[in-house]
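# Remarks on the overall topology
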Amino acid sequence: GKYHYIPSKFTAMARTVSLPLACAIRMKLEGRINKTGVIRPVDADVYEPILEEVAKLSPAIEFKEAALKPQIWLRHEVKPGEERCALTPETAKELLDAGFRVTVEKSPTRCISIEEYEKVGCNIAESSS
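For clarity, every value in this text was computed on a predicted model and none was experimentally measured.

With that settled, consider the nonpolar core. Counting residues in each nonpolar core, the largest one holds 10 residues, listed as Leu74, Leu87, Ala92, Leu95, Val102, Val104, Ile112, Ile114, Tyr117 and Cys122. In contact with leucine 74, other than residues within four places in its own chain, are Cys85, Ala86, Leu87, Thr103, Val104, Glu105, Arg110 and Tyr117.

With that settled, the discussion passes to the pattern of salt bridges. Opposite charge on two side chains allows them to pair when their charged atoms are near. Considering all chains together, one arrives at 10 salt bridges under this definition. Between arginine 26 and glutamate 53 there is a salt bridge whose closest N-O contact spans 2.2 Å. Within this pair, whereas arginine 26 is found in helix H1 (residues 12–29), its partner glutamate 53 is found in helix H2 (residues 44–55), the two being separated by 27 residues in sequence. Note that arginine 75 and glutamate 105 form a salt bridge whose closest N and O atoms lie 3.3 Å from each other. Of the two residues, arginine 75 is situated in the loop between strand E1 (71–74) and helix H3 (89–97) and glutamate 105 in strand E2 (residues 101–105); the sequence distance between them amounts to 30 residues. Through salt bridges that share partners, Arg26, Glu30, Arg32, Glu53 and Lys56 make up one connected network.

Approximately 330 Å³ is the volume attributed to the largest pocket. Residue lining of the largest pocket: 14 residues in total, with Pro20, Ala24, Pro41, Tyr47 and Ile50 positioned closest to the centre. Of all the secondary structure elements, the ones that give two or more residues to the lining of the largest pocket are H1 and H2. Take the lining of the largest pocket: its biggest share by element is 6 residues, from H1. When grouped by side-chain class, the residues that make up the lining of the largest pocket number 12 nonpolar, 1 polar and 1 charged.

Definitions and limits used
Residues numbered from 1 in each chain as written. Predicted model: local features only at pLDDT ≥ 70, side-chain atom pairs only at ≥ 80, totals over all residues. Heavy atoms only, no water. Core = buried A, V, L, I, M, F, W, Y, C linked by side-chain atoms within 4.5 Å. Buried < 20%, exposed > 50% of the residue type's maximum accessible area, 1.4 Å probe, protein only. Contact = heavy atoms within 4.5 Å. Salt bridge = Lys/Arg side-chain N within 4 Å of Asp/Glu carboxyl O. Helix = DSSP H or I, 4+ residues; strand = E, 2+ residues; numbered from the N terminus. 1 Å grid on protein atoms, 1.4 Å probe; cavity = no way out; pocket = protein on both sides within 12 Å on 5 of 7 lines; lining within 4 Å. Points joined across faces, edges and corners; volume = space filled by probe spheres on them. Nonpolar A, V, L, I, M, F, W, Y, C, P; charged D, E, K, R; others polar.

Encoded structure:
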């Protein structure tokens, strides 16, 4: 079928991207956002006022936490003789405590055993999976 505009309906993209952007632009033009340059809505002083503005729209848009947490995946190193790894079990634990999902591939060459990653709560995967 053909796409057509329905004034009383907004797509998910319009509601979660375009409307907050429009609110941010209006707030910038009105001087309620004073930052200059490229402004990314990752700082609370930027995104909180935008979310408050969006909440005033009718019907209100409610933003909920994402269903999946960010994923970190430690791959098995395939370079011959390579034993180093970019993630220690201690750092993996910090990431897990911060809400990340951490998966570690089994590796016969890694200098840290897979059991140490299991102890801190990492998901374990087969090599090259």
